[in-house]
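Residue-level structural notes
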Amino acid sequence: MAMTDPKPWTIDDAAPGEQRHAPATLRNRDAIVEVLRDILPDHGTILEIASGTGEHIVYFGLQFPDLTFQPSDPDPDCCQSISAWTKREGVPNVLPPKQLDAQAAKWDVPRPAAILCINMVHISPWESSIGLFAKAGQLLDPGAPLYLYGPYLRADVETAPGNLAFERSLKSRDLRWGLRDVADMDALATKNGFVRESLTEMPANNISLVYRKHD
């Protein structure tokens, strides 16, 4: 079952720096790492869009010590949490977070070797997905991956009851939010020079989508 709160984190009162904790991170991070092991390059900077609490990217930093990770999020409170988690875990290959909105006209980030975006697409307006693919198309070299994770709709797969409930919850908070159809993501990818390489079933009725920038 997908998470039922669009901001599923809590403040960790026992920790400094306003760390936030998203319980779903502990449930899905290892499954995500297994997908990333097959697609991430050996070296380079990995940009994460909408890093949220920062728990994912700090964990990725620990798992891939030869890579450099650039977190980002439009929410300044999330950026504080990312910094707090990075300091707490002592991860030297996670850079300070950038306050960045996917819809921004310009992304002030180092040129990435890959881009990750976990659980953003459904908790944002469609324009954020447009911005994500447009900027990824400009920044990524041919062959570089764009990785998405979250709950999605598929015409040939029955939507899980938990995801349907999550969709209603999202719409009740903001009508611009909602689960996106994989076919729409594929069309957006094609428009920006990407092709879908894989779709992987993940825990709690989520999926991983891997897109590659083609020549």
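Please refer to the structure placed before this passage.
Residues numbered from 1 in each chain as written. Predicted model: local features only at pLDDT ≥ 70, side-chain atom pairs only at ≥ 80, totals over all residues. Heavy atoms only, no water.

A closer look at the overall build of the protein chain
Within the protein chain, the secondary structure is distributed over six helices and twelve strands. In terms of overall dimensions, the protein chain has a C-alpha envelope of 45 × 40 × 30 Å along the principal axes. Residue burial in the protein chain is summarised as follows: out of 215 residues, 54% are buried. Across the protein chain, the centroid of the 21 positively charged side chains sits 4 Å from that of the 29 negatively charged ones. (Helix = DSSP H or I, 4+ residues; strand = E, 2+ residues; numbered from the N terminus. Buried < 20%, exposed > 50% of the residue type's maximum accessible area, 1.4 Å probe, protein only. Lys, Arg positive; Asp, Glu negative; His and termini not counted. Charge placed at Lys NZ, Arg CZ, Asp CG, Glu CD.)

Concerning the side chain of S124
Within the fold, S124 resides in the loop between β7 (114-118) and α4 (126-139). Here the side chain of S124 touches V121 through a polar contact of 3.3 Å, landing on its backbone oxygen. Discounting residues that sit within four places of it in the chain, S124 has contacts with R176, W177 and R180. (Polar contact = N/O pair within 3.5 Å; in protein donor to acceptor, adjacent residues only side chain to side chain. Contact = heavy atoms within 4.5 Å.)

Topic: the state of the cysteines
One pass over the structure, following the stated rule, counts zero disulfides. Of all cysteine sulfurs, the one in C79 lies closest to C78, which takes part in no disulfide; the gap is 7.1 Å. (Disulfide = S-S within 2.5 Å.)

Notes on the pattern of salt bridges
A side chain of one charge can pair with a side chain of the opposite charge when the charged atoms of the two come close. In total, this model carries nine salt bridges according to the counting rule given. The partner of R88 in a salt bridge is E89, with the nearest N and O atoms 3.8 Å apart. Among the residues examined, E89 registers a relative accessible area of 34% and is labelled partly exposed. Between R154 and E201 there is a salt bridge; the shortest N-O distance is 2.9 Å. One end of the pair, R154, is in the loop between β9 (152-153) and α5 (161-173); the other, E201, is in strand β11 (residues 194-202), and 47 residues separate them in sequence. (Salt bridge = Lys/Arg side-chain N within 4 Å of Asp/Glu carboxyl O.)

Quick notes on helix α3 (residues 76-89)
The terminal C-alpha atoms of α3, which comprises 14 residues, lie 20 Å apart, in line with the 20 Å expected from a rise of 1.5 Å per residue. Within the sequence span of α3, burial applies to C78, C79, S81, I82, A84, W85 and T86. Buried residues along α3 sit against β2 (20-21), α2 (55-63), β5 (72-73) and β6 (98-99). For α3, the side-chain oxygen to backbone nitrogen distance between the N-cap and D77 is 2.8 Å, and the N-cap itself is D75. Positive phi appears at G90, one or two residues downstream of α3, with a value of about 60°. (Expected span 1.5 Å × (residues − 1).)

By themselves these figures say nothing about function.
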